[in-house]
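Results of the structural survey
The lines below spell out each chain.
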Amino acid sequence: MKTGDNMDENKGMYQALGIDGDVYEFGETICKTLKERFDKIDETAEYNQLKVIRAMQENRVSEACLYSSSGYGYNDLGRDTLEAVYASAFHTEDALVRPQIACGTHALAVALAGNLRPNDELLSPVGKPYDTLEEVIGIRPSNGSLAEYGVSYRQVDLKPDGSFDFENIEKAINHRTRLVTIQRSKGYQTRPTLSVDRIGELISFVKKIKPDVICMVDNCYGEFVERREPTDVGADLMVGSLIKNPGGGLAPIGGYIAGKEEYVRNAAYRLTSPGLGKEVGATLGVNQSFYQGFFLAPTVVAGALKGAIFAANIYEKLGFSVIPNGTESRHDIIQAVEFGNPESVIAFCKGIQAAAPVDSYVDPEPWAMPGYDSDVIMAAGAFVQGSSIELSADGPIKPPYAVYFQGGLTWEHAKLGILMSLQKLKERGLVTL
Ligand SMILES: *Cc1c(COP(=O)(O)O)cnc(C)c1O
């Protein structure tokens, strides 16, 4: 508990930043109810912090690992050791962790294209994958898609209650099924995010039907939320972005692919070139930020989770529908709030922007972004462009007028952002406290 004096001083500081006393007080009442939840999150972060440090020690990370390479990048000790660290932390045979991987979509595309061959079939047993993968797979026709290379695709949706449709999954698996892709996070859909336990259950089911199928998990936004990762429950490959959780906010670019040695190697042959694989790829000075970001990631993720839970409880209390709800267990860092009107979505995003350390004076407006079927408003005042482990929000201006937000490099910043969003809603008469 804060003492009276400290509380007054903090309140004064919030007021200096534009947060009214009643908004602050409202936030404090919510905070008081979250103490036990936050303690649990800290315990998970503690466990994951130790896991990362142990992986670094086991692989003898040294000062020399932080150096840079250029050109071909042969024998880059830092790169090779970092990949061993990821493999140790995620309990896999091997990993590919590279600045040459441009984003999460690229990492997933490399893992898929590296491991699928013409006439193979790809199966998603958890419904439609993340939007950008539609073009990778060829669900929406696209140049260079897997479909163009003769890889077919099948999908089994989750049942209306969010459970796996085991009967139809069994029917969908056939002699051509080579790879099963499982997306952990709900992305911008309304289905629940999958827990690591549920992913394990699905993988066991699939492997019982076809033991040699490759089970791949899109782990974006999921790293370090739980004590275990999908690779602890049978995933052969796990893929994610370094400008989300595992980059810890410090990685300026990159993605990872961790899993069985053979499958990681196949991905490397696709990322660089057949024959070259993991042997080339200079690190151009990013090694230190990759190591340090991974080191910080468990506590950064904890801060982001606290922010998400704080927001869920604030807006639930004010009568809005929030996904996940205020008390549900968490398996990723994304929080959605349904406002039901465009003004509130806009006010929320303006609040997140106004709380940013970078570009706080920028006033975001909805615009027709390429690739979206409605105007979208985005708030991001990030150190790394587009980084969504940093506090960020976006809201498509269409029903149900929901805002999706995630991140926050520290809990304190996430808290300020959420209070600022509430402040903007209050100023426009969109909520009453
Ligand atoms: C973010 C995300 C991706 C794609 O990552 P980008 O870095 O935006 O290309 C894929 N899948 C899921 C579930 C994601 O959240």
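Residues numbered from 1 in each chain as written. Predicted model: local features only at pLDDT ≥ 70, side-chain atom pairs only at ≥ 80, totals over all residues. Heavy atoms only, no water.

A short note on the pattern of salt bridges
The line we're drawing: Basic side-chain nitrogens of Lys or Arg form a salt bridge, by our definition, when they fall within 4 Å of a carboxyl oxygen of Asp or Glu. Only protein chains enter the area calculation, which uses a 1.4 Å probe; residues under 20% of their type maximum are buried, those over 50% are exposed, and those in between are partly exposed. Only DSSP runs of H or I covering at least 4 residues are called helices, and only runs of E covering at least 2 are called strands; the numbering of each starts at the N terminus.
If you walk through the whole model with that rule in mind, you get 26 salt bridges. Asp80 serves as the salt-bridge partner of Arg79, at 3.0 Å between the closest nitrogen and oxygen. Residue class for Arg79 comes out buried when judged on its relative accessible area of 2%. Arg154 is paired through a salt bridge with Glu121; the nearest N and O atoms lie 2.7 Å apart. Linking Arg154 in strand β3 (residues 152-155) with Glu121 in strand β2 (residues 121-124), this pair joins segments that are 33 residues apart in sequence. Arg154 sits in the partly exposed class, given a relative accessible area of 37%. One continuous salt-bridge network, built from bridges that share partners, spans Lys128, Asp131, Glu134, Glu135 and Arg140.

Examining the packing of aromatic side chains
Two numbers describe a pair of aromatic rings. These are the distance of the centres and the angle of the planes. Heads up, the condition is: Each Phe, Tyr or Trp ring, with Trp reduced to its six-membered ring, pairs with another whose centre is within 6.5 Å; inter-plane angles below 30 degrees give stacked pairs, above 60 give edge-to-face pairs, and intermediate values give tilted ones. Either the NZ atom of lysine or the CZ atom of arginine qualifies as a charge over a ring when it sits within 6 Å of the ring centre and within 35 degrees of the ring normal.
Following the criterion strictly, the structure yields 19 aromatic pairs and no others. With a centroid separation of 6.0 Å and 40° between ring planes, the pair formed by Phe90 and Phe224 is classed as tilted. Here Phe90, found in the loop between α4 (77-89) and β1 (94-98), pairs with Phe224, found in the loop between β5 (214-218) and β6 (237-241); they are 134 residues apart in sequence, far enough to count as distant. Here Phe164 and Phe166 contribute two aromatic rings whose centre-to-centre distance is 5.7 Å and whose plane-to-plane angle is 65°, an arrangement assigned as edge-to-face. The class for Phe164 is buried, based on a relative accessible area of 4%. For Phe166, a relative accessible area of 27% corresponds to the partly exposed category. Among the aromatic side chains, those forming a connected cluster through ring pairs are Tyr86, Phe90, Phe224, Tyr256 and Phe294. Here the basic side chain of Lys244 rests over the ring of Tyr130, its NZ or CZ set 5.6 Å away from the ring centre. Over the aromatic face of Tyr221 sits the side chain of Lys244, whose NZ or CZ is 4.2 Å from the ring centroid.

Comments concerning the site of the ligand
What counts is decided by this rule: A single heavy atom is enough: if one lies within 4 Å of a molecule or strand, its residue is considered near that molecule or strand. Throughout this description, a polar contact denotes any pair of N or O atoms lying within 3.5 Å of each other; where both atoms belong to protein, one of them has to be capable of donating a hydrogen while the other can accept it, and for residues adjacent in sequence the pair is counted only when both atoms sit in side chains. Methods summary: accessible areas were calculated by the Shrake-Rupley approach with a probe of 1.4 Å, and residue burial reflects only the protein chains presented.
Looking at the ligand, the residues that line it are Cys103, Gly104, Thr105, Leu108, Tyr130, Gln183, Asp218, Cys220, Tyr221 and Lys244. For the ligand, an oxygen atom lies 2.5 Å from a polar atom in the side chain of Thr105. Within the side chain of Asp218, one N or O atom sits 2.6 Å away from a nitrogen atom of the ligand. The fraction of the free accessible surface of the ligand (380 Å²) that becomes covered by protein chains is 89%.

As for the environment of Arg176
Filter applied, for reference: Every residue pair with non-hydrogen atoms within 4.5 Å of one another is taken to be in contact.
When you line up the elements, Arg176 lands in the loop between α7 (166-172) and β4 (177-183). In this structure, the C-alpha to C-alpha distance between Arg176 and Val151, residues 25 residues apart in sequence, is 9.5 Å. Beyond its immediate sequence surroundings of up to four residues, Arg176 is in contact with Asn119, Asp120, Glu121, Ser152 and Lys210. A polar contact is formed between the side chain of Arg176 and the side chain of Ser152, at a distance of 2.6 Å.

A word on the nonpolar core
Threshold: Definition used in this section: a nonpolar core is a set of buried Ala, Val, Leu, Ile, Met, Phe, Trp, Tyr and Cys residues joined via side-chain atoms within 4.5 Å.
In terms of nonpolar packing, the biggest core is built from 78 residues, with Tyr86, Phe90, Phe294, Phe310, Tyr315 and Phe339 touching the most fellow members. Considering every element that reaches this core, the biggest residue donor is helix α10 (residues 287-317), with 15 residues. Beyond its immediate stretch of four places on either side in the chain, Phe339 contacts Tyr315, Phe320, Ser344, Val345, Phe348, Pro400, Tyr401, Ala402, Val403 and Leu425. Counting 26 residues, the second largest nonpolar core, distinct from the first, contains Ile101, Val151, Val239 and Ala267.

Section: the packing of helix α5 (residues 104-115) against helix α9 (residues 261-271)
The test is simple: For helices, the fitted axis covers only the stretch in contact; all axes are lines through C-alpha atoms, and the angles between them, taken along N-to-C directions, range from 0 to 180 degrees. Note on terminology: angles under 35 degrees are roughly parallel, angles over 145 are roughly antiparallel, angles of 65 to 115 are roughly perpendicular, and the others are oblique. Only Asp, Glu, Lys and Arg are considered charged, only Ala, Val, Leu, Ile, Met, Phe, Trp, Tyr, Cys and Pro nonpolar, and every remaining residue, Gly among them, polar.
Here α5 crosses α9 at 110°, and the two axes come no closer than 8 Å. The angle between α5 and α9 places the two elements in the roughly perpendicular class. Side by side, α5 and α9 meet where His106, Val110, Ala111, Ala113, Gly114 and Asn115 of the first sit next to Tyr263, Asn266, Ala267, Arg270 and Leu271 of the second. Class assignment for the residues of the contact of α5 with α9 results in six nonpolar, four polar and one charged.

Topic: the sheet that holds β2
One key point about sheets: their strands pair by backbone hydrogen bonds, in either a parallel or an antiparallel sense. Threshold: A pair of strands counts as paired when DSSP detects no fewer than two bridges linking them.
With mixed pairing, the seven strands of this open sheet are ordered in space as β1-β7-β6-β5-β4-β2-β3. The sheet terminates laterally at β1 and β3, the two strands that pair on one side only. Strand after strand, the sheet turns through a mean of 20° between neighbouring axes, direction not considered. With three bridges joining them, β5 and β6 adopt parallel strand pairing. Residue pairing across strands places Met216 opposite Leu237, the latter belonging to β6. Against the sheet, α4 touches β1 and β7 (255-259), its axis set at about 125° to β1. Sheet strands in contact with helix α8 (residues 196-209) are β4 and β5, and its direction is about 160° off that of β5.

Digging into the pairing of β1
Of all the five residues making up β1, five are buried; the element is thus mostly covered by neighbouring parts of the structure. Here β1 shows no split at all, with Asp94, Leu96 and Arg98 on one side and Ala95 and Val97 on the other all buried. Sheet analysis places β1 next to β7, joined by five bridges and oriented antiparallel. The residue bridging Leu96 from the neighbouring strand is Ile257, located in β7.

Observations regarding the side chain of Lys306
Examined against the element boundaries, Lys306 turns out to sit in helix α10. For Lys306, a relative accessible area of 11% translates into the label buried. A polar contact is formed between the side chain of Lys306 and the side chain of Asp42, at a distance of 2.7 Å.

Here we look at the state of the cysteines
By definition, a disulfide is the covalent link that joins the sulfur atoms of two cysteine residues. The cut-off we apply is this: Sulfur atoms of two cysteines make up a disulfide when they are within 2.5 Å.
This structure, assessed with the given rule, holds zero disulfides. Here Cys103 is not cross-linked by a disulfide; its sulfur's nearest cysteine counterpart is in Cys220, at 9.0 Å. You can see Cys215 has no disulfide; the closest cysteine sulfur is in Cys220, sitting 18 Å from it. When its relative accessible area of 0% is taken as the criterion, Cys215 is described as buried.

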